[in-house]
Amino acid sequence: CLCSQSPWKQWYQRRVRGPFVAVLVALPLCKCIYIIIHCVQVTGPSMPLPLSNRYVWDMDSDMEEDETFKSLYVAQILEAKSRIFETMCKETGCTDNAQLRLETLCKSKITKNTLAEWLETVCRIFDAYASPVLSTACTLETEMGRLKSERIEDQKKIIELQEKIIEKKDLEMDNVKKEMKTAVQSEIKSYSSVLKTTCSKALAPRKVQAALKTAAAEEDRSKSLVIYGIEEKKEEKLEETVLDILSHLDEKPRIVSCCRLGRDNVQGEAVTRKPVRVNLSGSDHVRQILQKKRKLRSVEGYTTVYLCPDRTTEQRVTHKNLVDEMKRKRLSEPEKHHFIRNNLVVSVSSGT
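A brief structural summary. Note that the coordinates shown come from a computational prediction; the quantities given were computed from them, not determined experimentally.

1. Some points on the pairing of strand β5 (residues 336-341)
(1) Moving on: The sheet contact formed by β5 and strand β6 (residues 344-349) spans 6 bridges and is antiparallel. Paired with Lys-336 across the strands is Ser-349, a residue of β6.
(2) Moving on: From the end of β5 to the start of β6, which pair antiparallel, there are 2 residues, and Asn-342 there has a positive phi angle of about 55 degrees.

2. Notes on the side chain of Lys-274
(1) Moving on: Relative to the elements of secondary structure, Lys-274 occurs in the loop between β2 (255-260) and β3 (276-280).
(2) Moving on: With sequence-adjacent residues up to four places away left out, Lys-274 is seen in contact with Glu-232, Arg-260, Leu-261, Gly-262, Arg-263 and Asp-264.

3. Here's the deal with a nonpolar patch on the surface
(1) Moving on: Residues Phe-69, Leu-140 and Met-144 make up a contiguous nonpolar surface patch of about 310 Å² in total accessible area.
(2) Moving on: Counting through the fold element by element, Met-144 comes out in helix α4 (residues 112-202).
(3) Moving on: Judged by its relative accessible area of 58%, Met-144 is exposed.

4. Quick word on helix α6 (residues 238-247)
(1) Moving on: Residues of α6 that are buried: Leu-238, Val-242, Ile-245 and Leu-246. Seen end-on, α6 carries its buried residues on one side only, within an arc spanning 95 degrees.
(2) Moving on: Those residues of α6 that are buried lie in contact with β1 (224-228), β2, β3, α7 (283-291) and β4 (306-309).

5. Brief notes about the pattern of salt bridges
(1) Moving on: Tallied over the full model, the rule gives 12 salt bridges.
(2) Moving on: Between Arg-221 and Asp-310 there is a salt bridge, with the nearest N and O atoms lying 3.2 Å from each other. Here Asp-310 lies in the loop between β4 and α8 (313-332) and Arg-221 lies in helix α5 (residues 205-221), a separation of 89 residues in the sequence.
(3) Moving on: Relative accessible area serves as the criterion here: at 8%, Asp-310 is assigned to the buried category.
(4) Moving on: Between Glu-325 and Lys-329 there is a salt bridge; the shortest N-O distance is 4.0 Å. Of this pair, Glu-325 and Lys-329 both sit in helix α8, 4 residues apart, which is roughly one turn of that helix.
(5) Moving on: Residue Lys-329 is classed as partly exposed on the basis of its relative accessible area, which comes to 25%.
(6) Moving on: Several salt bridges converge on common partners, so that one network encompasses Glu-143, Arg-146 and Glu-150.

6. Focus: α8
(1) Moving on: Relative to the 28 Å expected for 20 residues at 1.5 Å per residue, α8 spans 29 Å between its end C-alpha atoms, a close match to the ideal helical length.
(2) Moving on: For α8, the set of buried residues is His-319, Leu-322 and Met-326. End-on, the buried residues of α8 take up no more than an arc of 60 degrees, which puts them together on one face. Projecting away from the buried face of α8 at angles above 90 degrees are the exposed residues Glu-314, Lys-320, Arg-328, Leu-331 and Ser-332.
(3) Moving on: Contact partners of the buried residues in α8: β4, β5 and β6.

About the criteria used
- Residues numbered from 1 in each chain as written.
- Predicted model: local features only at pLDDT ≥ 70, side-chain atom pairs only at ≥ 80, totals over all residues.
- Heavy atoms only, no water.
- Pairing = 2+ DSSP bridges.
- Helix = DSSP H or I, 4+ residues; strand = E, 2+ residues; numbered from the N terminus.
- Contact = heavy atoms within 4.5 Å.
- Patch = residues over 30% accessible without salt bridge, like charges linked within 9 Å, V, L, I, M, F, W, Y side chains within 5 Å.
- Areas by Shrake-Rupley, 256 points an atom, 1.4 Å probe, with all protein chains shown as cover.
- Salt bridge = Lys/Arg side-chain N within 4 Å of Asp/Glu carboxyl O.
- Buried < 20%, exposed > 50% of the residue type's maximum accessible area, 1.4 Å probe, protein only.
- Arc of directions from axis to C-beta.
- Expected span 1.5 Å × (residues − 1).

And the structure:
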């Protein structure tokens, strides 16, 4: 009855029925936007929009047809998503994207045109580009999995080939070792037979005795020296004469024996003074005496006496040749000083 009256009817139509109808119309739209928004958030980055508005104005126009997956496209999509969600949060009074729900989108201050713009943008992002990007990502993942499997198979083949190569090298090394062992054993047998024959000849009793005799003679010679120029007398006492000579060298060794060398003088031949071999108790005394032998040159009565080591026949021949060479050089080069050292004739200037 009240509604039939004109003022009340006007008030009812303006204040009750109008907003109620608007809510009934906007409710399905808000619910659709809510579902699409959360689908976009779940599916992640989406393809750019082919339309130009304040949310997608900087999108690359080639993204829709380009089937490659580029980080630039992802960055542009995320930037567009951030802009639209920032606007939606600002209009609905939400502080976080997760608060964008059905009840927040149904507020009376959100107009139908605004909801339609949001819905269009989100639908395009989800429908036109999110699905292709996911499809491309799945294709890439499948391809990467295939490549990874092929790489694993290739690595297995490489490992098998390496094992075969190592096995072959080991076999070759074993063969080389066997050949070397056979060759070494053969050489050892040959060397052993040669050495046995040689040693049996070299170690013959006569040769061993001769070698021992030579070594003993060398040892005896190291303990003896020879004195030249001692005057020969009848019933001479060589040991006393030798001790007198050595006393001028400040040496008093123990003489083991002393005797003259060579044959006696024959009548009609030139008289020669036979050398005297002196055997001492040790080789150290011989070395000390030979080092001081130059002192006899200034001792009256012994200026022509000369001391030298007890040499073998070969050594005496070699030394005689050196002395002859030294004498020739003294005649040919009188301005130089000539002497024998280390089995060589050395010549130096007189002033050196």
